Amino acid sequence: MTATRRATDTLVILIVLLAVWQILHRIAGATALPAPLPTMAYLMHTVPSARFAANAATTALEFAFALLLAYAIGLAIGIWMGAHRLSGVVGEPILVALYSLPKITLYPVVLLIFGLGISGKVAFGAMHGILPVALLTMGAIRAIPPVYLRSARTLHLSPWQTIATVLLPAALPEVFTGLRIGFTVTLLGVLLGEMFASKQGLGYMIMNAMSLAQSEEMMTVAIVLFAFAAIANGLLLWIEHRLHRRV
Amino acid sequence: MTRVGLIRIAVIVAMIGALELACRLGFINHQTIIAPSEMASALASLLASGAINADIARTLGVVVIVIVLAVVLGFAAGLVIHALPRVREALDPLFATYYAVPIFIFYPVLIAIFGLSPIPILLIGVATAIVAMIIATLNGLDRVPRVLTKVARVHRLGRVATAMTLQLPAAAPYLLTGVKLSVSYGFIAVIAAEFILSPAGLGRDIADAYADFDNRRMYALILFLLIIATIVNAFLHALDMRWAERRAGGRP
């Protein structure tokens with residue numbers, strides 16, 4: 001019952017958004033903002049094209065590497081700061097301060113260090129993802145009841161065994177929240193990176209389409225990215241809810 | 001100063017010192033990163049020359065307008081949505097997804113519609129910041145004690161009067177969380193938009209300095225923006241800490 005209702009609500013929202021889009025199209029004109037239907041027609045024949053696939057593949061590759069780095073480094077920092085009390089207390093405000101900085105200001109620095117190729121965008125994407133993963137992992141590990149750790153010590157578990165069999169399973173639901181947010185912001189970071197001084201990827205495609213006044217192409221890329229992000233987030237949220245219920 | 005605070009400052013000083021040393025000793029190429037002391041002196045002379053005053057005023061002006069619009073409109077929208085439970089329920093999937101999709105990707109679309117002016121920057125800033133305020137308003141209103149709305153009815157207060165004299169103060173500690181996020185999101189969106197493509201502003205200045213290989217100017221501007229962002233965030237954090245006690249007390 002609630003599931004169907006939620007599905008109906010989502011559908012209604014989509015219809016309202018389409019209506020708003022249509023109205024904006026009427027106001028702005030077809031060159032600035034094409035109507036939904038022509039855009040969909042454009043989308044249908046652009047998305048399967050080799051040009052789109054090549055750009056999407058670049059973005060996917062950068063995003064995958066960036067995510068891998070963000071997760072690895074974020075989890076490492078989070079576990080360390082969560083398990084080692086003093087490091088956590090000292091480091092948390094520093095991480096929080098870094099998290100709320102406009103990281104785009106540092107993008108030129110990233111480009112100077114890593115160059116204009118794929119690695120620059122990977123590094124910039126990872127920069128976005130590391131902090132939420134680290135902060136939420138740290139919070140999750142700190143919230144573990146001390147008795148778990150005492151049992152681990154009684155059983156003479158090695159530090160690695162403690163992490164793998166006690167800390168991570170107990171902290172998993174909240175850690176997963178961090179991974180989900182990390183996913184979102186890393187994607188944003190990679191796309192932002194592609195929108196500046198880049199010659200490849202979906203972010204570049206949007207900027208290029210804008211300078212060529214190809215509005216259908218802009219909307220197409222935006223819709224594909226929105227759909228990908230929304231579906232991925234829905235899936236991750238679903239897993240997250242299941243993890244929370246399990247505990 | 002507590003021991004932890006001292007260690008924290010020592011860590012930060014050590015990191016900046018290490019960067020300074022690495023730059024001075026030539027471990028880090030001068031064309032990549034300049035020494036922190038050089039950044040500071042470049043910023044000092046840039047500020048003294050007054051060359052970026054117009055861009056500072058422009059960027060901070062846009063940021064302030066974005067924040068005011070996002071906070072005021074977000075609070076108003078939150079009030080309306082809170083009064084309509086069925087609408088709120090319907091909007092739930094939207095709120096849950098909103099910050100998961102890269103809204104910023106719409107910035108070029110806005111430029112296509114409105115041209116290269118401050119309007120697309122303003123709109124993308126408000127679009128990024130407003131939903132955090134709406135969600136915080138809904139959260140806050142959920143926690144307004146029932147008795148207050150009853151008091152409003154006893155005194156025959158109108159909708160606006162109830163909102164301004166009862167709901168706003170009662171939900172204030174929660175609204176502050178929304179304001180904090182709105183400030184942070186609005187600031188980030190405006191700088192990002194300026195950096196990617198804009199006629200002027202500090203973000204654009206950084207992009208230009210990068211393109212001109214003018215590292216002194218670029219690092220001075222980056223330092224300036226990071227200092228401003230840190231001060232604003234620290235201020236909001238301190239305010240939030242104070243109000244956290246009121247939230248914890250459960251009293252308005």
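*Asks:* Any details on the overall build of chain A? Residues and values, ideally.
*Replies:* A count of helical and extended segments in chain A gives ten helices and zero strands. Start at the N end of chain A and walk to the C end: the helices and strands fall as α-α-α-α-α-α-α-α-α-α. Across its three principal axes, chain A shows a C-alpha extent of roughly 70 × 55 × 30 Å. Residue burial in chain A is summarised as follows: out of 247 residues, 39% are buried.

*Asks:* So what's going on with helix α9 (residues 202-211) of chain A? Which residues, and what values?
*Replies:* Of all ten residues that make up α9 of chain A, eight are buried, and the element is covered over most of its length. Restricting attention to buried positions, one finds in α9 of chain A the residues Leu-202, Gly-203, Tyr-204, Met-205, Ile-206, Met-207, Ala-209 and Met-210 of chain A.

*Asks:* How would you summarise unusual backbone geometry if you had to cite specific residues and measurements?
*Replies:* The phi dihedral of His-156 of chain A is positive, around 55 degrees, even though this residue is not glycine. On the secondary structure map, His-156 of chain A appears in the loop between α7 (146-154) and α8 (159-195). Exposure remark for His-156 of chain A: the 7 C-beta atoms within 10 Å place this residue in the exposed category. Positive phi values are uncommon outside glycine, yet Phe-213 of chain B reaches one of about 55 degrees. Tracing the chain through its elements places Phe-213 of chain B in the loop between α9 (202-211) and α10 (215-249). C-beta crowding within 10 Å serves as the criterion here: with 10 such atoms nearby, Phe-213 of chain B is assigned to the exposed category.

*Asks:* Report on the confidence of the model for chain B, specifying residues and quantitative values.
*Replies:* All names here are of chain B. Across chain B, pLDDT averages 88, with 97% of residues at or above 70. Across chain B, the element-wise mean pLDDT spans from 83 in helix α7 (residues 146-154) up to 94 in helix α3 (residues 53-83). Per the prediction output, this complex has pTM 0.88; the corresponding ipTM is 0.85.

*Asks:* I'd love a proper account of the nonpolar core, names of residues and values included.
*Replies:* With 129 residues, the main nonpolar core has Ile-206 of chain A together with Ala-129 and Ala-192 of chain B as its most contacted residues. Per-element tally for this core: the top contributor is helix α8 (residues 159-196) of chain B, with 17 residues. Ignoring sequence-local partners within four residues, the contact set of Ala-129 of chain B consists of Val-66, Ile-67, Ala-70, Ser-182, Tyr-185, Gly-186 and Ala-189 of chain B.

*Asks:* Pulling in residues and values, what's your account of the domain arrangement of chain B?
*Replies:* Looking at chain B, the domain boundaries give domain 1 (1-33) and domain 2 (38-249). A C-alpha centroid distance of 31 Å is found between domain 1 of chain B and domain 2 of chain B.

*Asks:* Which residues make up the confidence of the model for chain A, and what values do they have?
*Replies:* When pLDDT is averaged along chain A, the result is 90, and 99% of the positions lie at 70 or above. Helix α1 (residues 2-28) of chain A is the least confidently modelled element of chain A, averaging 85 in pLDDT, while helix α3 (residues 50-83) of chain A averages 94, the highest of any element.

*Asks:* If you had to explain the interface of chain B and chain A to someone new, which residues and values would you point to?
*Replies:* Each partner contributes residues to the interface: chain B has 41 residues there, and chain A has 44 residues. Elements supplying a minimum of two residues to the side of chain B that touches chain A: α1 (3-24), α4 (85-98), α5 (107-114), α8, α9 and α10 of chain B. For the side of chain B that touches chain A, the class distribution of residues is 34 nonpolar, five polar and two charged.

*Asks:* Help me get a handle on the packing of helix α6 (residues 118-142) of chain A against α8 of chain A, residues and values and all.
*Replies:* Residue and element names in this part refer to chain A. Two elements in contact, α6 and α8, have axes separated by 7 Å at closest approach and are oriented at 155 degrees. Here α8 runs roughly antiparallel to α6, going by the angle between their axes. With respect to the hand of their crossing, α6 and α8 are arranged in right-handed fashion. Residue composition of the contact of α6 with α8, by class: 16 nonpolar, twelve polar and three charged.

*Asks:* Can you break down α9 of chain B residue by residue, with the values?
*Replies:* Residues and elements named next belong to chain B. Counting buried positions along α9 yields seven of ten residues, so the element is predominantly enclosed. Those residues of α9 lying buried are Leu-202, Gly-203, Arg-204, Asp-205, Ile-206, Ala-207 and Tyr-210. Where α9 ends, the next residue or the one after it, Phe-213, has phi of about 55 degrees, a positive value.

*Asks:* With reference to specific residues and values, describe the packing of helix α6 (residues 118-142) of chain B against α8 of chain B.
*Replies:* Residue and element names in this part refer to chain B. Interhelical geometry of α6 versus α8 gives an angle of 160 degrees and a closest axis separation of 7 Å. By the angle class used here, α6 and α8 are roughly antiparallel. Viewed along their axes, α6 and α8 form a crossing whose handedness is right-handed. Residues that form the contact of α6 with α8 fall into these classes: 16 nonpolar, ten polar and one charged.

*Asks:* Tell me what's going on with the environment of Arg-143 of chain B, and back it up with residues and numbers.
*Replies:* Residue and element names in this part refer to chain B. Residue position: Arg-143 is located in the loop between α6 and α7. When the 13 C-beta atoms within 10 Å are taken as the criterion, Arg-143 is described as partly exposed. In this structure, the C-alpha to C-alpha distance between Arg-143 and Leu-69, residues 74 residues apart in sequence, is 24 Å. The contacts of Arg-143, once residues within four sequence positions are left out, are Ala-171 and Tyr-174.

Basis of the calculations
Residues numbered from 1 in each chain as written. Chains lettered and ligands numbered in written order. Predicted model: local features only at pLDDT ≥ 70, side-chain atom pairs only at ≥ 80, totals over all residues. Helix = DSSP H or I, 4+ residues; strand = E, 2+ residues; numbered from the N terminus. Buried ≥ 20, exposed ≤ 12 C-beta atoms within 10 Å, placed from the backbone. pLDDT = per-residue confidence, 0-100. Core = buried A, V, L, I, M, F, W, Y, C linked by C-beta atoms within 7 Å. Contact = placed C-beta atoms within 7 Å. Domains from an automatic or database assignment. Nonpolar A, V, L, I, M, F, W, Y, C, P; charged D, E, K, R; others polar. Axes fitted to C-alpha atoms, helices over the stretch in contact; angles between N-to-C directions. Parallel < 35°, antiparallel > 145°, perpendicular 65-115°, else oblique. Left-handed = near helix turned anticlockwise from the far one by under 90°.

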